[in-house]
Amino acid sequence: MVIGCDSHSKIKTFNMKKTTQLYEGKAKKVFLTDDSNLVIQEFKDDATAFNNKKKGTIAEKGIVNNAVSCKLFAMLEENGIRTHLVEKLSDREMLCRRLDIIKVEVVVRNIAAGSLVKRYGFAEGTVLERPIVEFYLKDDDLDDPLMNEFHAVALGVATLEELAVLKQRAEAINALLRKFFAERKLKLVDFKLEFGRHNNEILLGDEISPDTCRFWDLETNEKMDKDRFRFDLGSVEDAYSEVQRRVLDLD
Ligand code: UDP
């Protein structure tokens, strides 16, 4: 049983329970609750990469990603970024405001890696003078193609005004996260954000975790994120739990 109170809107979360399953994604399930404004995200251990071509499980990943996401969303809220987090309910469950998800994945990059290296020929590890913000269409059937504002508006997934908010919000979040991770001896290489509409507001949704970010150790540059799973680098669980340890300031 959880008794909680949300800081902005005084949501009563007394004994909040899952009702119908709304959706099952690659890494999470989302459930309705008795309150039509609230949903519960349940984090799974299932891992996928390369748009579902590689599948597996990472033991306790759901617990790590829930803990890390809740801590980061709470930190962002404390710094004026509105998110869907209401509160952490259990090891794997996060109580969230229900969002109408905007079908745009917003990627922010501080250091060249992944598809930036493949697409544009940057050397991996190149520090970008100014962070790059990219939009991708959230559509698995199309392999989440890279798009610009013109595509997004033509597709009707967001308005120009909303896209401007996403870009500005992504840059503000990046500044807060970079500082937070630098203090914990991690380089924030790049990450993906999702946003949604809720009562005429745009809130940050989804998760921020080693599944959706690249983290390199500040001193050794060791990869401490889903790239260890993507490229069979080994010690995947150890990397996830080390990120959790640093984010939660354990020890
Ligand atoms: N990312 C994600 N989900 C996606 C695509 C990317 O969470 O569907 C994250 C990824 O973990 C990385 C960043 O966004 O931290 C940039 O990913 P990139 O475009 O380099 O693609 P990838 O190499 O992950 O396919």
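Residues numbered from 1 in each chain as written. Predicted model: local features only at pLDDT ≥ 70, side-chain atom pairs only at ≥ 80, totals over all residues. Heavy atoms only, no water.

Digging into the state of the cysteines
All told, the structure shown has 0 disulfides when counted by the stated rule. Its sulfur unpaired, cysteine 70 is 7.4 Å from the next cysteine sulfur, which belongs to cysteine 96. (Disulfide = S-S within 2.5 Å.)

A look at the site of the ligand
The full set close to the ligand counts 16 residues, and Arg109, Ser115, Asp190, Arg214 and Arg230 are the nearest of them. With respect to the ligand, the side chain of glutamate 105 contributes an N or O atom lying 3.3 Å from an oxygen atom. When contributions to the shell around the ligand are tallied by element, the ones reaching two or more residues are strand 9 (104–111), helix 2 (114–120), strand 12 (186–193) and strand 15 (213–217). In the shell around the ligand, the residues fall into 5 nonpolar, 3 polar and 8 charged. (Near = heavy atom within 4 Å. Polar contact = N/O pair within 3.5 Å; in protein donor to acceptor, adjacent residues only side chain to side chain. Helix = DSSP H or I, 4+ residues; strand = E, 2+ residues; numbered from the N terminus. Nonpolar A, V, L, I, M, F, W, Y, C, P; charged D, E, K, R; others polar.)

Looking at the sheet that holds strand 2 (residues 28–32)
Read from one edge of the open sheet, 5 strands run 1-2-3-7-6, paired in antiparallel fashion. If you trace the sheet from one side to the other, it starts and ends with strand 1 (21–24) and strand 6 (85–88), each paired once. Strand-to-strand, the axes of this sheet are offset by a mean angle of 25 degrees, without reference to chain direction. Summarising the sheet, strand 6 and strand 7 (residues 93–97) pair through 3 bridges and their orientation is antiparallel. Paired with lysine 88 across the two strands is methionine 94, which belongs to strand 7. Along the sheet, helix 1 (residues 61–78) makes contact with strand 3 (38–43), strand 6 and strand 7, crossing strand 6 at roughly 135 degrees. (Pairing = 2+ DSSP bridges. Axes fitted to C-alpha atoms, helices over the stretch in contact; angles between N-to-C directions. Contact = heavy atoms within 4.5 Å.)

Some thoughts on the packing of aromatic side chains
In total, this model carries 3 aromatic pairs according to the counting rule given. For the ring pair phenylalanine 180 and phenylalanine 181, a centre distance of 5.4 Å and an interplane angle of 85 degrees mean the geometry is edge-to-face. For the pair formed by phenylalanine 180 and phenylalanine 181, the shared burial category is buried. Judged by centre distance (4.6 Å) and plane angle (45 degrees), the ring pair of phenylalanine 181 and phenylalanine 215 falls under tilted. Here phenylalanine 181, found in helix 4 (residues 160–182), pairs with phenylalanine 215, found in strand 15; they are 34 residues apart in sequence, far enough to count as distant. For the pair formed by phenylalanine 181 and phenylalanine 215, the shared burial category is buried. Seen from the ring of phenylalanine 31, lysine 18 lies directly overhead, with NZ or CZ sitting 4.7 Å from the centre. When the ring centre of phenylalanine 180 is taken as origin, the NZ or CZ atom of arginine 184, which lies over that ring, is 3.6 Å away. (Phe/Tyr/Trp six-rings, centres within 6.5 Å; stacked < 30°, edge-to-face > 60°. Buried < 20%, exposed > 50% of the residue type's maximum accessible area, 1.4 Å probe, protein only. Lys NZ or Arg CZ within 6 Å of the ring centre and 35° of its normal.)

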